[in-house]
There are 2 protein chains.
Amino acid sequence: MEQVYDRVALIGLGLIASSMFWAMKRDGQLVGEVAGFARTEATRETARRIGLCDVVCDSAIEAVKDADLVVLCVPVGAMGPVMEEIAPHLKPGCTITDVGSVKGDVIRTVTPHLPEGVFFVPGHPLAGTEHSGPESGFAELFDNRWTLLVPVEGVPDAEIARLRAFWERLGANVDLMDADHHDLVLAVTSHTPHLIAYTMVGVADDLRRVTDSEVIKYSAAGFRDFTRIAASDPTMWRDVFLTNKDATLEILGRFTEELFALQRAIRTGDGDHLHAYFTRTRAIRRGIIQAGQDTAAPDFGRVKTGPK
Amino acid sequence: MEQVYDRVALIGLGLIASSMFWAMKRDGQLVGEVAGFARTEATRETARRIGLCDVVCDSAIEAVKDADLVVLCVPVGAMGPVMEEIAPHLKPGCTITDVGSVKGDVIRTVTPHLPEGVFFVPGHPLAGTEHSGPESGFAELFDNRWTLLVPVEGVPDAEIARLRAFWERLGANVDLMDADHHDLVLAVTSHTPHLIAYTMVGVADDLRRVTDSEVIKYSAAGFRDFTRIAASDPTMWRDVFLTNKDATLEILGRFTEELFALQRAIRTGDGDHLHAYFTRTRAIRRGIIQAGQDTAAPDFGRVKTGPK
């Protein structure tokens, strides 16, 4: 297989960047050298210890030197400042991409700093786990998951195709989408669900009549799935909500409207309404399993079943 | 190991009853014969075909004949009527239990029909999957999960201890709890999370600007965990909300209060509030993993990782 980029720079070394590195290594011929940079000395030391990146640099400026692809893997709120810092040091003709969960805001804050002759192709791999940091990555994270590319005007098709090929070699399926639509779709499939999960876990934590130990002991009844989502990285998620404010608030509005309708059905004893609602939602689950985006095994396959 | 009950009757043959049967078979010496009954002919035929129960009866009355333990495994709303039907046919000295997710209402509707000399020990195994029906059961469902027993007054300790021993042999840990406390704890750990998940999935289904196929394709970003919960049995869950109305509405009130506070923080750009909230919820997840109630593997171990 052909090499797609010679030198790649990963700015920020968390779950996504470290998974990208291991996926690049798995391929072997996808890229030449990978340079990495992380803001804290502790993360850089961990990266060096575990062999994350071919070279770990002490500044972002050093990492992007001569890079053909620069991947911004920092929280959404840090994208603009990082871009401002590295802009004067980018190789002419290089491609900049990012992995942020919000695209409109990233485009607004990164674009003003782009030098002439550098191509910006925003991206978002829809993959992740509740773990974070340089040691949480693994090569298989993107396999059969979607990466969305959100090209801005003026970028040659060939550069978009090149980045697409790169992501496909990392294991992902790739789609193109515009920024506004991306931010709305993600508000539905990711941002609002995360906010709701955080809220429910916070409520459980607050209730002093139901002790922590009970909530934890009896969590298998449904609650534990919320705690997994609500264990995600706080800085990343703070930035998501602050920068995808409009779409998140819109979907939250829809959510509370529906929740109040169900709450009213409970209060008035309208069992038909509840039953019809709960029946409708089953079909969506079947669609997700058929689309290969989750397992049909009971309880996500958590239970190890023997022969009957 | 000693036999705990001679003849057991399972009334209703869904996920819980079928898992109980396979767990009884796994033990081998726990009980003598297991009789089963299901309301629909189709379920009874499936049960006979797959060998679920030693004998499948065509009436609940026939199934409970001579039973030493009768387990009501029907939706909460059906407990009272079933009890009324079988009451005159129960063996003196037998134990009645149930597996309903709500305890106060079950006690209120079942108790009036209890004949003299029959012991009622309500129960609730905190175990399940999103699947339902007679073919969804498996012997390991209760392993290391909790079963809560909610004894009512006047039942001899020996009968409670006997039922506890039965559940422990099925693989469960057993705790005792009073009904009101049970219903509040479950409203937090199970009922409200289910209602929220149903709501979020319903909202996604409603949004025509975000097509079904997009919601499904990109579900791995968080939403798919909600769809698993929202694929649970509609009849069971309708009955849960109708019968645990007060506790559910109370916790829902707390939930919306917190959600509005977070929504306000998003609207006003209060990143500190969001970050502090999201940091606090991580600790609960750690507690659940330490308590052995979930896996620490990323994404519930859905991702199969190879050596790095």
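Residues numbered from 1 in each chain as written. Chains lettered and ligands numbered in written order. Predicted model: local features only at pLDDT ≥ 70, side-chain atom pairs only at ≥ 80, totals over all residues. Heavy atoms only, no water.

As named in an unreviewed UniProt entry, chain A is Prephenate/arogenate dehydrogenase family protein, taken from Seohaeicola nanhaiensis.

Enquirer: Looking at this structure, I do not really get the domain arrangement of chain A. What am I missing?
Expert: How big an interface is tends to be stated in terms of accessible area lost as the parts join. Residue and element names in this part refer to chain A. With domains assigned, chain A is organised as domain 1 (5-177) and domain 2 (181-295). Contacts between the two partners involve 20 residues from domain 1, matched on the other side by 17 residues from domain 2. Residue Arg228 is joined to Glu130 by a salt bridge in which the shortest nitrogen-to-oxygen separation is 2.9 Å. Of all elements in the fold, only helix 5 (104-110) and strand 8 (146-149) reach the threshold of two or more residues within the side of domain 1 that touches domain 2. Across the side of domain 1 that touches domain 2, the residue classes tally to nine nonpolar, seven polar and four charged. (Domains from an automatic or database assignment. Contact = heavy atoms within 4.5 Å. Salt bridge = Lys/Arg side-chain N within 4 Å of Asp/Glu carboxyl O. Helix = DSSP H or I, 4+ residues; strand = E, 2+ residues; numbered from the N terminus. Nonpolar A, V, L, I, M, F, W, Y, C, P; charged D, E, K, R; others polar.)

Enquirer: Looking at this structure, I do not really get the interface of chain A and chain B. What am I missing?
Expert: The interface of chain A with chain B comprises 114 residues on the first partner and 113 residues on the second. Interface area for chain A against chain B, summed over the two sides, is near 10900 Å², with a carbon-plus-sulfur share of 68%. Three residues, Tyr218, Ile266 and Phe278 of chain A, lead the burial of chain A against chain B; their summed loss comes to 7% of the area buried on that side. Remark: the boundary between chain A and chain B carries eight salt bridges. For Arg228 of chain A, the salt bridge is made with Asp225 of chain B, and the minimal N-O distance between the two is 2.7 Å. Summed over the shared surface of chain A and chain B, the number is 32 residue pairs in polar contact (both at pLDDT 80 or more). Residue assignment for the side of chain A that touches chain B shows that the elements contributing at least two residues are strand 8, helix 7 (179-206), helix 8 (212-217), helix 9 (223-229), helix 10 (234-243), helix 11 (245-268) and helix 12 (271-290) of chain A. Among the elements that line the side of chain A that touches chain B, the one with the most residues is helix 7 of chain A, at 22 residues. Taken together, the residues of the side of chain A that touches chain B sort by class into 55 nonpolar, 30 polar and 29 charged. (Buried area = accessible area lost by both parts, 1.4 Å probe. Polar contact = N/O pair within 3.5 Å; in protein donor to acceptor, adjacent residues only side chain to side chain.)

Enquirer: Looking at this structure, I do not really get the packing of helix 12 of chain A against helix 7 (residues 179-206) of chain B. What am I missing?
Expert: Packed helix pairs are specified by the crossing angle of their axes together with the interaxial distance, meaning the distance between the axes. For the pair helix 12 of chain A and helix 7 of chain B, the least separation of the axes is 9 Å and the interaxial angle reads 65 degrees. As the angle between them shows, helix 12 of chain A and helix 7 of chain B are arranged roughly perpendicular. When the axes of helix 12 of chain A and helix 7 of chain B are compared, the crossing they make is left-handed. For the pair helix 12 of chain A and helix 7 of chain B, contact is made by Tyr277, Phe278, Arg280, Thr281 and Ile284 of chain A and by Leu195, Tyr198, Thr199, Val201, Gly202, Val203, Asp205 and Asp206 of chain B, respectively. (Axes fitted to C-alpha atoms, helices over the stretch in contact; angles between N-to-C directions. Parallel < 35°, antiparallel > 145°, perpendicular 65-115°, else oblique. Left-handed = near helix turned anticlockwise from the far one by under 90°.)

Enquirer: Help me understand the pattern of salt bridges in this model?
Expert: Oppositely charged side chains may form a pair once their charged atoms are brought near each other. Overall, the coordinates contain 40 salt bridges over all chains when judged by the stated rule. Here Arg169 of chain B and Asp27 of chain B are joined by a salt bridge, their closest N and O atoms 2.7 Å apart. Here the residue Arg169 of chain B occupies a position in helix 6 (residues 157-169), and Asp27 of chain B occupies one in helix 1 (residues 15-27), the gap between them amounting to 142 residues. Note that Glu159 of chain B is salt-bridged to Arg162 of chain B, the shortest N-O span being 3.5 Å. With Glu159 of chain B and Arg162 of chain B both in helix 6 and three residues apart, the pair spans about one turn of that helix. For Glu159 of chain B, a relative accessible area of 14% gives the class buried. Put simply, Glu41, Arg44, Arg48 and Asp58 of chain A are held in one network by salt bridges that share partners. (Buried < 20%, exposed > 50% of the residue type's maximum accessible area, 1.4 Å probe, protein only.)

Enquirer: How should I be thinking about the sheet that holds strand 9 (residues 173-176) of chain A in this particular structure?
Expert: Paired through backbone hydrogen bonds, the strands of a sheet run either parallel or antiparallel to each other. Residue and element names in this part refer to chain A. Read across the sheet, three strands follow the order 7-8-9 without closing on themselves; strand pairing throughout is mixed. In the strand order of this sheet, the two ends are held by strand 7 (123-125) and strand 9, each with one partner. Strand-to-strand twist of the sheet, defined as the mean angle between neighbouring strand axes without regard to direction, takes the value 20 degrees. By the bridge criterion, three bridges tie strand 7 to strand 8 in an arrangement that is antiparallel. Opposite Gly123, over in strand 8, you have Leu149 as the bridge partner. (Pairing = 2+ DSSP bridges.)

Enquirer: Would you explain helix 7 of chain B in this entry?
Expert: Since the α-helix advances by 3.6 residues per turn, residues separated by three or four positions end up pointing in the same direction. All names here are of chain B. At Ala187, helix 7 shows its maximal bend, which comes to roughly 55 degrees. Most of helix 7 is tucked away, with 25 of its 28 residues classed as buried. For helix 7, the N-terminal capping position is held by Asp178, with its side-chain oxygen 3.1 Å away from the main-chain nitrogen of Asp180. (Bend = angle between axes of the 7 residues up to and from the residue.)

Enquirer: Whenever I open this one, the packing of helix 11 (residues 245-268) of chain B against helix 12 (residues 271-290) of chain B confuses me. Can you help?
Expert: All names here are of chain B. Remark: helix 11 packs on helix 12, axes separated minimally by 8 Å, with the N-to-C direction vectors making an angle of 135 degrees. It follows that helix 11 is oblique to helix 12 by the angle criterion. At the point where helix 11 passes helix 12, the crossing takes the left-handed sense. Of helix 12, the residues touching helix 11 (which contributes Glu258, Ala261, Leu262, Ala265 and Ile266) are His273, Leu274 and Tyr277. Along the lines of polarity and charge, the residues of the contact of helix 11 with helix 12 split into six nonpolar, one polar and one charged.

Enquirer: What am I meant to see in the pairing of strand 8 (residues 146-149) of chain B here?
Expert: As a general feature of sheets, a regular strand has side chains that alternate between the two faces. All names here are of chain B. Burial along strand 8 is two-sided: the face carrying Trp146 and Leu148 and the face carrying Thr147 and Leu149 are both buried. Bridging between strand 8 and strand 9 (residues 173-176) involves four bridges; their strand directions are parallel. Looking at the pairing, Thr147 lines up with Val174 of strand 9. As for the winding sense of the linkage, the β-α-β connection from strand 8 through helix 6 to strand 9 is right-handed. (Right-handed = clockwise from strand over helix to strand, strands pointing away.)

Enquirer: Quick question: what am I supposed to make of the UniProt feature "domain: Prephenate/arogenate dehydrogenase" (unreviewed entry) in chain A here?
Expert: Within the UniProt annotation, "domain: Prephenate/arogenate dehydrogenase" (unreviewed entry) is assigned to residues 6-296 of chain A. Helix makes up 52% of residues 6-296 of chain A and strand makes up 13%, while its end C-alpha atoms are separated by 40 Å. (UniProt positions renumbered as here; feature names shortened; annotations may be inferred.)

Enquirer: Quick question: what am I supposed to make of the UniProt feature "transmembrane region" (unreviewed entry) in chain A here?
Expert: Mapped onto the present numbering, the UniProt feature "transmembrane region" (unreviewed entry) falls on residues 7-24 of chain A. Split by type, residues 7-24 of chain A is 56% helix and 28% strand. Its first and last C-alpha atoms lie 12 Å apart.

Enquirer: Is there a simple way to think about the relation of the copies chain A and chain B in this case?
Expert: What relates the two chain copies is a rotation about an axis together with a slide along it. Of the transformation superimposing chain A on chain B, the axial component is 0.0 Å and the angular component is 180 degrees, with the fit at an RMSD of 0.0 Å. With respect to symmetry, the two chain copies, as superposed, fit the operation of a two-fold axis. Comparing contact sets, 99% of the residues at the interface of chain A also lie at the interface in chain B, consistent with an isologous, same-surface contact. (Least-squares fit on C-alpha atoms with pLDDT ≥ 70 in both.)

Enquirer: In this structure, what is going on with the environment of Ile16 of chain A? I would like to understand it.
Expert: All names here are of chain A. The residue Ile16 is located in helix 1 (residues 15-27) in this model. Since its relative accessible area comes to 15%, Ile16 is described here as buried. Distance from Ile16 to Thr129, taken between C-alpha atoms, is 9.5 Å for residues 113 residues apart in sequence. Discounting chain neighbours no more than four positions away, the residues touching Ile16 are Val99, Pro125, Ala127, Leu141 and Phe142.

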